[in-house]
Amino acid sequence: MSRQAEAVNGADWTRILPSLAVGMVVYDRRYEMPGTIADFDGPMVCLTRPTGLAWRSHCASVRPARARVSPGAVVGSSGAPGVGRAGRRGGLRRGP
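Quantities reported herein were computed from a predicted structural model and do not represent experimental measurements.

Draft legend 1. Spotlight on the pairing of strand β3 (residues 44–48). Here strand β2 (residues 33–41) pairs with β3 via 5 bridges, running antiparallel. Bridging across to β3, Asp41 finds its partner in Met44. Connecting the antiparallel pair β2 and β3 is a turn made up of 2 residues, with Gly42 showing a positive phi of about 65°. Here β3 runs beside strand β4 (residues 54–58); their pairing, made up of 5 bridges, is antiparallel. Bridging across to β4, Cys46 finds its partner in Arg56. Taking the residues that link successive antiparallel strands as the turn, the β3-β4 hairpin has 5 residues, and the phi of Gly52 there is positive, at about 105°.

Written out as structure tokens, the structure is:
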């Protein structure tokens, strides 16, 4: 079995857990939504959302969250949203 498969199955959760911390914003692949780590209970991570929703997930299904890029955003060569070729040339022109 590959290491990735072991991580997904949770067979080696002791390697994943040290990379997580209370207060960290993470993405839960099982529930397909971000949350903030509130506590740990063995291999389980206790997560919360600003709305008050709280749930537990296995640490193998949680990863650090990344910045969200809106679907229509232009991404430049640096990978930063909002600055593409059009942005460097003056952007969109208005009017006739």
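Draft legend 2. Representation of the packing of aromatic side chains in the model. In total, this model carries 1 aromatic pair according to the counting rule given. Ring centres of Tyr31 and Trp55 lie 6.1 Å apart, and the angle between their planes is 65°; on these two criteria the pair is classed as edge-to-face. Here Trp55 lies in strand β4 and Tyr31 lies in the loop between β1 (25–28) and β2, a separation of 24 residues in the sequence. When its relative accessible area of 10% is taken as the criterion, Trp55 is described as buried.

What counts and what doesn't
Residues numbered from 1 in each chain as written. Predicted model: local features only at pLDDT ≥ 70, side-chain atom pairs only at ≥ 80, totals over all residues. Heavy atoms only, no water. Pairing = 2+ DSSP bridges. Helix = DSSP H or I, 4+ residues; strand = E, 2+ residues; numbered from the N terminus. Phe/Tyr/Trp six-rings, centres within 6.5 Å; stacked < 30°, edge-to-face > 60°. Buried < 20%, exposed > 50% of the residue type's maximum accessible area, 1.4 Å probe, protein only.

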